[in-house]
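One letter stands for each residue in the lines below.
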Amino acid sequence: MLTADRISLNTATVKEQWTLADCIDGCVRHGFGGISPWRDKLQEMGVDAAAKAIRDAGLGVSGLCRGGWYTAEGALTQAVIDDNHRAVDEAAAIGAECLVMVVGGLPEGSKDIRGAREIVRDGLGKTLEHGRKAGVPIAIEPLHPMYAADRAVVSTMGQALDLCDELGDGIGVAMDVYHVWWDPELSAQIKRAGKSRMLAYHICDWLNPTKDLLTDRGMMGDGVIDIAGIRAEVEAIGFNGLNEVEIFSAETWWKADPDAVMKTIIERAAIC
């Protein structure tokens, strides 16, 4: 059974209701073991103030969302490199277990997915150099193929781990069940990742039907993902980190009382 102290709140889950300070207080109030801020919430509060508040609250930090977007300017520009270096520094400041990377989709007007993946590989390499110096592991998050055009040209655990093999130490994966549950190679790739490269594990559910592919994620237990089965496979490789709940839900959970959301997370995580 997954208890509250094994759960991390990704701030996107209540981003419409709570500031980062509210999220920190809410995690303490409901007994969560950790938190995973998004950079906009972190910068809004101030990195130093947030770091102190998280530390004083005794919360773990399962990750910082997010770095990446290497293809945003059509090439790997210095501005993109610099922003990722800032993200690494922010992750280090708050004691994050990793910096989660949403790597970027096709450059505007492009159909060259191979070229986009080359940009991503080079960008990850440059971020990794800084991450190693700062002591921050870099976690590639493969996104569902429906996001290949606009958000991430890395779509599977296999692709992400191929990059890890190429780039070496200090890099692994952030596995979100929403993005990878469908993959027939998932079990094999979880084993391939092993404990050392499974840097973060995110949970929510895939609703059927899904009304919006970005903002209609489900609470655990409301959809079709075998979350318990996947968690068993993740734990079988030795992963004992926080289970990070990340739910984008414009019409349901973003409109709910945030304390009720937190209580529901605990209830559902215990049975999923």
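Just so it is clear, the model here is predicted, and its values are computed rather than measured.

Rules behind the numbers
- Residues numbered from 1 in each chain as written.
- Predicted model: local features only at pLDDT ≥ 70, side-chain atom pairs only at ≥ 80, totals over all residues.
- Heavy atoms only, no water.
- Helix = DSSP H or I, 4+ residues; strand = E, 2+ residues; numbered from the N terminus.
- Rg over C-alpha atoms; globule rule 2.2 N^0.38 Å.
- Buried < 20%, exposed > 50% of the residue type's maximum accessible area, 1.4 Å probe, protein only.
- Contact = heavy atoms within 4.5 Å.
- Arc of directions from axis to C-beta.
- Core = buried A, V, L, I, M, F, W, Y, C linked by side-chain atoms within 4.5 Å.
- Pairing = 2+ DSSP bridges.
- Axes fitted to C-alpha atoms, helices over the stretch in contact; angles between N-to-C directions.
- Expected span 1.5 Å × (residues − 1).
- Polar contact = N/O pair within 3.5 Å; in protein donor to acceptor, adjacent residues only side chain to side chain.
- Right-handed = clockwise from strand over helix to strand, strands pointing away.
- Salt bridge = Lys/Arg side-chain N within 4 Å of Asp/Glu carboxyl O.
- Patch = residues over 30% accessible without salt bridge, like charges linked within 9 Å, V, L, I, M, F, W, Y side chains within 5 Å.
- Areas by Shrake-Rupley, 256 points an atom, 1.4 Å probe, with all protein chains shown as cover.
- Phe/Tyr/Trp six-rings, centres within 6.5 Å; stacked < 30°, edge-to-face > 60°.

Chemist: Got a minute to help me understand the overall build of the chain in this structure?
Modeler: Of the regular secondary structure elements, the chain holds 10 helices and nine strands. Its C-alpha atoms give the chain a radius of gyration of 17 Å, near enough to 19 Å, the size a compact globule of 272 residues would have. Each principal axis of the C-alpha distribution contributes one length, and for the chain these read about 45 × 40 × 35 Å. Taken over 272 residues, the chain has a buried fraction of 53%. Once local pairs closer than 6 in sequence are excluded, the contacts in the chain between residues at least 24 apart make up 78%.

Chemist: Just to check I follow, could you spell out helix α1 (residues 20-30) for this structure?
Modeler: An α-helical segment advances 3.6 residues per turn. Residues three or four places apart therefore align on the same side. Within α1, the full set of buried residues consists of Leu-20, Cys-23, Ile-24, Gly-26, Cys-27 and His-30. Down the axis of α1, the sector holding all buried residues measures 165°, keeping them to one side. Those residues of α1 that are buried are in contact with β1 (7-10), β2 (34-36), α2 (39-45), α3 (47-57) and α10 (258-269). Where α1 terminates, the next one or two residues include Gly-31, which has phi positive at roughly 80°.

Chemist: I tried to follow the nonpolar core on my own but got confused; where do I start?
Modeler: In a soluble, globular protein the nonpolar side chains are often hidden away together inside. In terms of nonpolar packing, the biggest core is built from 79 residues, with Val-103, Leu-124, Met-175, Met-198 and Met-220 touching the most fellow members. Considering every element that reaches this core, the biggest residue donor is helix α6 (residues 157-167), with six residues. Every residue in contact with Met-175, bar those within four places of it in the chain, is listed here: Met-157, Val-180, Leu-186, Ile-190, Met-198, Ala-200, Tyr-201, His-202, Ile-230 and Val-234. Judged by nonpolar contacts, the second largest core, of 11 residues, contains Cys-98, Val-100, Ala-139 and Ala-200.

Chemist: Just to check I follow, could you spell out the sheet that holds strand β3 (residues 60-61) for this structure?
Modeler: The strands making up a sheet are joined through hydrogen bonds of the backbone, oriented either antiparallel or parallel. Overall, parallel pairing links the nine strands, which are arranged β3-β2-β1-β9-β8-β7-β6-β5-β4 in an open sheet. Because the sheet does not close on itself, it has two edges, and the strands there are β3 and β4 (64-68). Set on the sheet, α10 makes contact with β1 and β9 (243-245); between it and β1 the angle comes to about 140°.

Chemist: Can you help me understand helix α8 (residues 186-197) in this one?
Modeler: Here α8 spans only 15 Å end to end across 12 residues, well under the 16 Å set by a 1.5 Å rise per residue. For α8, the set of buried residues is Leu-186, Gln-189, Ile-190, Ala-193, Gly-194 and Arg-197. For α8, the elements touching its buried residues are α6, β7 (171-176), α7 (177-180), β8 (198-203) and α9 (227-236).

Chemist: Got a minute to help me understand the side chain of Thr-13 in this structure?
Modeler: By secondary structure assignment, the location of Thr-13 is in the loop between β1 and α1. Within the structure, the side chain of Thr-13 is placed 3.1 Å from the backbone nitrogen of Ile-247, a separation counted as a polar contact. Not counting chain neighbours up to four residues away, the residues in contact with Thr-13 comprise Val-245, Glu-246, Ile-247, Trp-253, Trp-254, Val-261 and Ile-265.

Chemist: What should I look at first to understand the pairing of β7 in this one?
Modeler: The two faces of a sheet get side chains in turn, since along a regular strand they alternate between them. Along β7, six of the six residues are buried, which leaves the element largely enclosed by surrounding structure. Taken together, the three bridges between strand β6 (residues 138-140) and β7 define a ladder with parallel strand orientation. Bridging from a neighbouring strand, Ile-138 pairs with Ile-171 of β7. As a crossover connection, the stretch from β6 through α6 into β7 is right-handed.

Chemist: What should I look at first to understand the pattern of salt bridges in this one?
Modeler: Side chains that differ in charge, positive against negative, can pair when their charged atoms come close. Within the structure shown, the criterion is met by 18 salt bridges. Between Arg-151 and Asp-150 there is a salt bridge; the shortest N-O distance is 2.7 Å. Note that Asp-222 is salt-bridged to Arg-268, the shortest N-O span being 2.9 Å. Of the two residues, Asp-222 is situated in the loop between β8 and α9 and Arg-268 in helix α10; the sequence distance between them amounts to 46 residues. We classify Asp-222 as partly exposed; its relative accessible area is 39%. Here the residues in one salt-bridge network are Arg-39, Asp-83, Arg-86 and Glu-90, joined through shared partners.

Chemist: I would appreciate a short explanation of the pairing of β8 in the present structure.
Modeler: The buried fraction of β8 amounts to six of the six residues, a majority that puts the element mostly inside the structure. Here β7 pairs with β8 via four bridges, running parallel. What sits directly across from Val-173, in β8, is Met-198. Summarising the sheet, β8 and β9 pair through three bridges and their orientation is parallel. Of the residues in β9, the one forming a bridge with Ile-203 is Val-245.

Chemist: It is not clear to me how a nonpolar patch on the surface should be interpreted in this structure. Could you clarify?
Modeler: Side chains of Trp-181, Trp-182 and Val-224 sit close together on the surface and give an oily, nonpolar patch of about 250 Å² of accessible area. As for its position among the elements, Trp-181 is in the loop between α7 and α8.

Chemist: Sorry if this is basic, but what is going on with the packing of aromatic side chains here?
Modeler: Describing an aromatic ring pair means giving the distance of the ring centres and the angle of the ring planes. On inspection of all chains with the given rule, the structure shows five aromatic pairs. A centroid spacing of 6.0 Å and a plane angle of 50° characterise the contact between Trp-181 and Trp-206, whose relative ring orientation is tilted. Note that Trp-181 is positioned in the loop between α7 and α8 and Trp-206 in the loop between β8 and α9, a separation of 25 residues in sequence. The class of Trp-181 is partly exposed, set by a relative accessible area of 30%. Looking at Trp-206, the relative accessible area reads 13%, which means it is buried. An aromatic cluster is present here, built from Trp-38, Phe-248 and Trp-254 joined pairwise through their rings.

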